[in-house]
Amino acid sequence: MHVFVTGATGWIGSSVVDQLLDAGHEVTGLARSDASAAALERKGARPRRGDLDDLDSLRAGSADADAVVHLANKHDFADPAMTNQTERDAVLTIGEALAGSHRPFVLASALALLAPGRLATEQDRSPAHGAGSLRGGSENLALEFVERGVGTIVVRFAPTVHGDGDHRGFITGLVATARAKGVSAYLGDGTNRWAAIHRSDAGRIVQLALDKHAPAGTVLHAAAETGIPTRDIAEAIGRELDLPVVSVPADRGDEHFGWLSRFFGADMAAGSDATRALLGWSPSGPGLFEDLDSGCYYR
């Protein structure tokens, strides 16, 4: 299978590309720089130059492939409106290119706002609709393309996709904040939970979704650990950095954590029973605390 991957050199995308190549697929990755193109070529993948603003490149890459995996996102938290609109435009472009072909379209989505206060399941529907909503409502938009002959498969990734080499994720941000503030903090009573998954397992789920021919309209959860209290995360970071662990009132979250507060204060617990049953998948990578205790986040 020839798979076109956006975000192919990113944290999750590089694992997805490795898994796809190991499974014998041909991979073309969207590359916005010479360095990204070279990294893909070293792996044996083919680069296609462009970025999320280059809709012609997205359209051509999608049209040329047997399947599309869309992982790229600008993640500009200073300009969420721009980020959301860019994501929506990209999904619309890919969907239009695949319409009527019944080819797989794997879309990266998130667990945020899905089911606060309880364990989210694959049966929960995203409340995000329209360009002004989270990720531009891209999950629901992509699923609408099922009726137009697109094999949409949504993969909702846990808020922390962790592992050695994670330089830009939420856990890295929490460690940097703890160092800067001299304390490892959590918000409120710290009972809100985060699902978690190791990077290798996240990449494996995407590869299995294609190889197991997940049906159009399938929603998968890339979550190995269902819900870790944020206080426990703060305590693990504090232990490794030898810093006191403190609670920060919710109304001071932005002051302490900056943009991270909107995520660290959210409850994003999720099960993956349906995903495991459909794909025959079970986690094999380290758990979050294994990575937090290994030292890989503190170098």
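Numbering of residues starts from 1 in each chain and follows the order in which that chain's sequence is written. The predicted origin of the model limits local features to residues at a pLDDT of at least 70 and limits the giving and counting of side-chain atom pairs to 80 or more, whereas totals for whole chains, interfaces and linings rest on all residues. Excluded from the side-chain calculations are hydrogens and water; all other atoms, namely the structure's heavy atoms, are used.

Asks: Describe in detail the overall build of the protein chain, supporting the description with residues and values.
Replies: Only DSSP runs of H or I covering at least 4 residues are called helices, and only runs of E covering at least 2 are called strands; the numbering of each starts at the N terminus. Across its full length, the protein chain holds 12 helices and 12 strands. Over its C-alpha trace the protein chain gives a radius of gyration of 19 Å, about what one expects of a compact globule, namely 19 Å for 299 residues. The C-alpha extent of the protein chain, read off along each of the three principal axes, is 55 × 40 × 40 Å. A 1.4 Å probe rolled over the protein chains alone gives each residue an accessible area, and that area as a share of the maximum for its type sets the label: buried under 20%, exposed over 50%, partly exposed in between. Residues classed as buried in the protein chain amount to 54% of the 299 residues present. Taking the contacts inside the protein chain whose residues are at least 6 apart along the sequence as the reference set, 78% of them involve residues at least 24 apart. Note that the radius of gyration is over C-alpha atoms, with the globule rule given as 2.2 Å times the number of residues to the power 0.38. For this analysis, residues touch if any pair of their heavy atoms sits within 4.5 Å.

Asks: Can you explain the packing of helix α3 (residues 55–64) against helix α4 (residues 80–98)? Please cite residues and give values.
Replies: In this description, a line fitted to the C-alpha atoms serves as the axis of each element, helices being fitted only across the stretch in contact, and the angle between N-to-C directions of two axes falls anywhere from 0 to 180 degrees. Orientation of α3 relative to α4, taken along the N-to-C sense of each, is 35°, at an axis distance of 9 Å. For the pair α3 and α4, the sense of crossing is right-handed. On the side of α3, the interface is formed by Leu55, Leu58, Arg59, Ser62 and Ala63, while α4 contributes Asp89, Ala90, Thr93, Ile94, Ala97 and Leu98. A breakdown of the residues in the contact of α3 with α4 according to their chemical character gives seven nonpolar, two polar and two charged. Handedness of a helix crossing follows the sense of rotation of the near helix relative to the far helix, less than a right angle counterclockwise being left-handed and clockwise being right-handed. Three classes are used: nonpolar for Ala, Val, Leu, Ile, Met, Phe, Trp, Tyr, Cys and Pro, charged for Asp, Glu, Lys and Arg, and polar for all others, with Gly counted as polar.

Asks: Just give me the short version of the sheet that holds strand β11 (residues 225–229), but keep the residues and values in it.
Replies: Here the rule is simple: two strands pair whenever DSSP picks up at least two bridges between them. The strand order across the open sheet formed by three strands is β7-β9-β11, and the pairing between neighbours is mixed. One side of each edge strand has no neighbouring strand; the edge strands of this open sheet are β7 (160–162) and β11. The average undirected angle you get between the axes of adjacent strands in this sheet is 40°. The pairing of β7 with strand β9 (residues 193–198) spans three bridges and is parallel.

Asks: Describe the side chain of Ser57, listing the residues and the values that go with them.
Replies: Relative to the helices and strands, Ser57 resides in helix α3. Look at Ser57 and you get buried, because its relative accessible area is 7%. If we skip the residues at most four places from it in the chain, Ser57 touches Phe4, Leu30, Arg48, Arg49 and Gly50.

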